[in-house]
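Now for the letters of each chain:
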Amino acid sequence: MQMHHPYLTPPPIAMLHSVTDTMDHSLSNWCISRKAFTRLLDHIERRGSQTTHFAEMMEKGKPSSGVILTFDDCYKHLLDFAVPSLIKKGMKAAFYMPTAHMGQHNSWDTDKGTAQLELMNAADLKDLSSAGMEVGAHSHHHIELKEVADEEIVKK
């Protein structure tokens, strides 16, 4: 009988935030172009790899040989291009929402003078889940851990 280690080794992970050609320069470090995203998906497909997500790996009880794509912050504009591109190719991704901001905007960025972007709402997240995507929390308040005392982290 073969035993699986209780902590699975994940496959390669591409951690993304935004896919757009019209991103405000102040957030450009967190975004890739539509062309670059399409090339990424095409590369995964050409390699014969599959996309997966953490929940799917845990269901199978073993590491995957695929690739995990993640999207932090759940910007609403992902529904215009990135999500349809994934669905068209039969691919999956994991989307992580700062739950206190659901249906609002990226106040953690705008507080620092960057562009305001709309975030997905509960119905959007439900649709993602129905399409086979993983939906999870990206903390509650999108705190920056390096700026918060250890004892405050649990409260945030």
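The structure presented is a predicted model; accordingly, all values stated were derived computationally and were not measured. (Residues numbered from 1 in each chain as written. Predicted model: local features only at pLDDT ≥ 70, side-chain atom pairs only at ≥ 80, totals over all residues. Heavy atoms only, no water.)

A. Just the side chain of Asn106, in detail. Topologically, Asn106 is positioned in the loop between strand 6 (94-97) and helix 4 (107-110). A residue is classified by how much of its surface remains accessible, and Asn106, at 0% relative accessible area, is buried. In terms of polar contacts, Asn106 uses its side chain to reach the backbone carbonyl oxygen of Ala115, at 3.0 Å. (Helix = DSSP H or I, 4+ residues; strand = E, 2+ residues; numbered from the N terminus. Buried < 20%, exposed > 50% of the residue type's maximum accessible area, 1.4 Å probe, protein only. Polar contact = N/O pair within 3.5 Å; in protein donor to acceptor, adjacent residues only side chain to side chain.)

B. A look at the pairing of strand 6. Burial of the side chains of strand 6 extends over both faces: Ala94 and Tyr96 are buried on one face and Phe95 and Met97 on the other. With three bridges joining them, strand 5 (residues 67-72) and strand 6 adopt parallel strand pairing. When the bridges of strand 6 are listed, Phe71 appears paired with Phe95. As a crossover connection, the stretch from strand 5 through helix 3 (residues 82-88) into strand 6 is right-handed. As defined by bridge partners, strand 6 adjoins strand 7 (residues 134-137) across four bridges and the pair is classed as parallel. When the bridges of strand 7 are listed, Tyr96 appears paired with Gly136. (Pairing = 2+ DSSP bridges. Right-handed = clockwise from strand over helix to strand, strands pointing away.)

C. Local environment of the pattern of salt bridges. Taken as a whole, this structure holds four salt bridges when the rule is applied. The shortest N-O distance in the salt bridge between Lys89 and Asp42 comes to 2.8 Å. Placement of the pair is Lys89 in the loop between helix 3 and strand 6 and Asp42 in helix 1 (residues 34-46), with a sequence separation of 47 residues. With a relative accessible area of 28%, Lys89 lands in the partly exposed category. Close ionic contact of Lys76 with Asp124 constitutes a salt bridge, the shortest N to O distance being 2.5 Å. Highlighted residues: Lys76 in the loop between strand 5 and helix 3 and Asp124 in helix 5 (residues 122-130), separated in sequence by 48 residues. Classification of Lys76 as partly exposed rests on a relative accessible area of 22%. Owing to a relative accessible area of 11%, Asp124 belongs among the buried residues under this scheme. The network of salt bridges with shared partners includes Asp42, Glu45 and Lys89. (Salt bridge = Lys/Arg side-chain N within 4 Å of Asp/Glu carboxyl O.)

D. Expanded view of the packing of aromatic side chains. Summed over the entire model, instances satisfying the criterion amount to two aromatic pairs. Arranged with centres 6.0 Å apart and planes meeting at 65 degrees, the rings of Phe37 and Phe71 form a pair that is edge-to-face. Of this pair, Phe37 sits in helix 1 while Phe71 sits in strand 5, placing them 34 residues apart in sequence. Each member of the pair Phe37 and Phe71 is classed as buried. Between Phe71 and Phe95, the aromatic rings sit 4.9 Å apart at their centres with planes inclined by 10 degrees, giving stacked as the arrangement. In this pair, Phe71 is assigned in strand 5 and Phe95 in strand 6, connecting sequence segments 24 residues apart. Judged by relative accessible area, Phe71 falls into the buried class, the value being 0%. (Phe/Tyr/Trp six-rings, centres within 6.5 Å; stacked < 30°, edge-to-face > 60°.)

E. The arrangement of the pairing of strand 1 (residues 13-16) in detail. Of the two faces of strand 1, only the one carrying Ala14 and Leu16 is buried; Ile13 and Met15 on the other face are not. In this structure, strand 1 lies alongside strand 5, joined through four bridges in parallel fashion. Bridged to Ala14 within strand 5 is Leu69.

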